[in-house]
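# Architecture at a glance
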Amino acid sequence: MATERIRFAQVSDIHLMPETGCRCWWMSESPRRQLEAAIAHLNQVPDLRFVVFTGDLVDQADPPSFQCFQEILSQLRVPYYLSLGNHDIDTLGRKGRFNRDQFVRWCQDQFPLQLAPTGYVDYSLAPLPGIRLIALDASLGRFPLPQGVLRPAQLHWLSEHLQSVPEEWLILLIHQPPFTSARQMDSVLFRKYRVLTEQALALHDILASHGRVVAVLSGHLHVPKMYVRDGIPYLTAPPLVGPISALRVFELDVNPRRGILRYHWVNLLELDPSPLWHGLVMGTRRDRWGEIPLRVKGSQSLPLPAAIR
Ligand SMILES: [Fe+2]
Ligand SMILES: [Fe+2]
């Protein structure tokens with residue numbers, strides 16, 4: 001049985017802003033320079049197949065920053081796919097900020113995004129044969145509220161949709177991490193920055209039922225994390241915006257029977273002098289490099305979790 005090697009990358013939390021000199025305390029000086037460095041690096045990665053961006057593409061959901069992002073991304077030599085972060089839209093209709101519809105149209109200029117019938121920025125596409133990429137929108141929209149939520153309609157759609165692609169390997173993009181490990185859920189630090197617990201558990205049950213999950217890729221924390229539950233790898237990305245400026249490269253060895261996921265991070269730029277929380281944003285060694293055997297299950301489905309009935 002032939003095994004295919006697929007290399008792809010994840011970039012997250014760019015927080016692109018106009019070059020005004022105004023910065024939040026947790027940002028480094030030039031997200032634009034960092035995004036350009038990321039694209040230059042990715043263009044040199046051999047056999048890279050595609051890149052996923054897991055939200056907070058811009059900082060203030062403003063059209064000029066989205067335009068700048070798109071201009072820089074036009075230099076990337078491989079396809080890329082975008083998902084929504086809490087800094088990317090504002091549903092209160094405030095002037096000068098994208099709402100969900102504007103965000104979707106902007107994405108559709110760049111890749112074939114066909115919305116799922118959920119009312120949110122959820123989509124599914126196949127970047128390569130046998131690989132399924134699904135993005136879920138867990139943002140509340142009251143800019144930039146950090147809590148993540150998944151609505152019953154989204155979980156229903158995901159559950160039904162996965163049953164129509166039982167043989168495909170799934171990469172799930174969701175900006176707010178749907179942590180379900182006791183260690184991560186008990187962390188006071190991330191309590192307001194993850195998907196609500198009951199919904200995260202319902203999502204996990206759906207993914208476990210599918211049984212061919214390459215990874216659940218999130219951002220939002222600006223801290224790299226990795227854990228595996230029931231053979232499903234959950235990873236949050238290092239931020240591009242600082243105080244480190246890093247991205248992740250993945251190597252997936254896969255065939256219909258088995259899969260192995262390797263990951264490592266690439267630290268792009270030496271930025272500001274290390275702030276106090278530098279140790280936190282570096283994560284542990286396991287958060288930065290590793291190899292995970294993926295679990296393959298039969299395509300039989302588990303009952304729908306009670307939380308979404
Ligand atoms: Fe962010
Ligand atoms: Fe975020």
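What you see is a predicted model, and the numbers here were worked out from it, not measured in a lab.

### Some words on the nonpolar core
- With 67 residues, the main nonpolar core has Phe8, Leu35, Val51, Phe53, Phe69 and Phe103 as its most contacted residues.
- The residues contacting Leu35, other than those within four sequence positions of it, are Ile14, Leu16, Phe53, Phe69, Ile72, Leu73 and Leu240.
- Of all hydrophobic cores here, the second largest spans 33 residues; its members include Ile134, Phe190, Leu203 and Ala208.

### Focus on the coordination of the iron ion (ligand 1)
- Taken together, the protein ligands of the iron ion (ligand 1) are Asp13 (OD), His15 (NE2), Asp56 (OD) and His222 (NE2), with distances of 2.0 to 2.2 Å.
- Between the four donor atoms coordinating the iron ion (ligand 1), the angles at the centre fall across 89 to 172°, so the site counts as irregular.
- Going along the chain, you hit the donors of the iron ion (ligand 1) in the pattern D-x1-H-x40-D-x165-H.
- Taken as a pair, the iron ion (ligand 1) and the iron ion (ligand 2) lie 3.4 Å from each other and share Asp56 as a ligand. You can see His15 sitting in the loop between strand 1 (4–11) and helix 1 (31–42) and its partner His222 sitting in the loop between strand 7 (213–218) and strand 8 (225–229), a full 207 residues away along the chain. With respect to class, His15 is no different from His222; both count as buried.

### With respect to the coordination of the iron ion (ligand 2)
- Taken together, the protein ligands of the iron ion (ligand 2) are Asp56 (OD), Asn86 (OD1), His175 (NE2) and His220 (ND1), with distances of 2.1 to 2.2 Å.
- What the four donor atoms of the iron ion (ligand 2) show is an angle range of 88 to 157° at the metal, which sorts the shape as irregular.
- Ordering the donors of the iron ion (ligand 2) by residue number gives the pattern D-x29-N-x88-H-x44-H.

What counts as what
Here the residue numbering is sequential within each chain, running from 1 through the sequence in written order. Here every chain gets a letter starting at A, and every ligand a number starting at 1, in the order they are written. Reporting in this predicted model follows two pLDDT cut-offs: at least 70 for local features of residues, and 80 or more for side-chain atom pairs to be given and counted; totals over whole chains, interfaces and linings ignore these cut-offs and use all residues. Hydrogens and water are ignored here; the side-chain numbers use all heavy atoms of the structure. The nonpolar core is taken to be a set of buried Ala, Val, Leu, Ile, Met, Phe, Trp, Tyr and Cys residues, with the residues joined through side-chain atoms within 4.5 Å. To sort residues, take the accessible area from a 1.4 Å probe on protein chains only and compare it with the maximum for the residue type: under 20% means buried, over 50% means exposed, and anything in between is partly exposed. Note on contacts: a residue pair is in contact if any heavy atoms of the two residues lie within 4.5 Å. Donors, by definition, are the N, O and S atoms found within 2.8 Å of a metal, the threshold being 3.2 Å for Na, K and Ca, and water is not counted, so a site can look incomplete. Here a site with four donors is tetrahedral if all angles are between 85 and 135 degrees, and a site with four or six donors is square planar or octahedral if opposite donors are over 155 degrees apart and the other angles are between 65 and 115; anything else gets the irregular label. Helix and strand assignments follow DSSP, with helices taken as H or I runs no shorter than four residues and strands as E runs no shorter than two, numbered in order from the N terminus.

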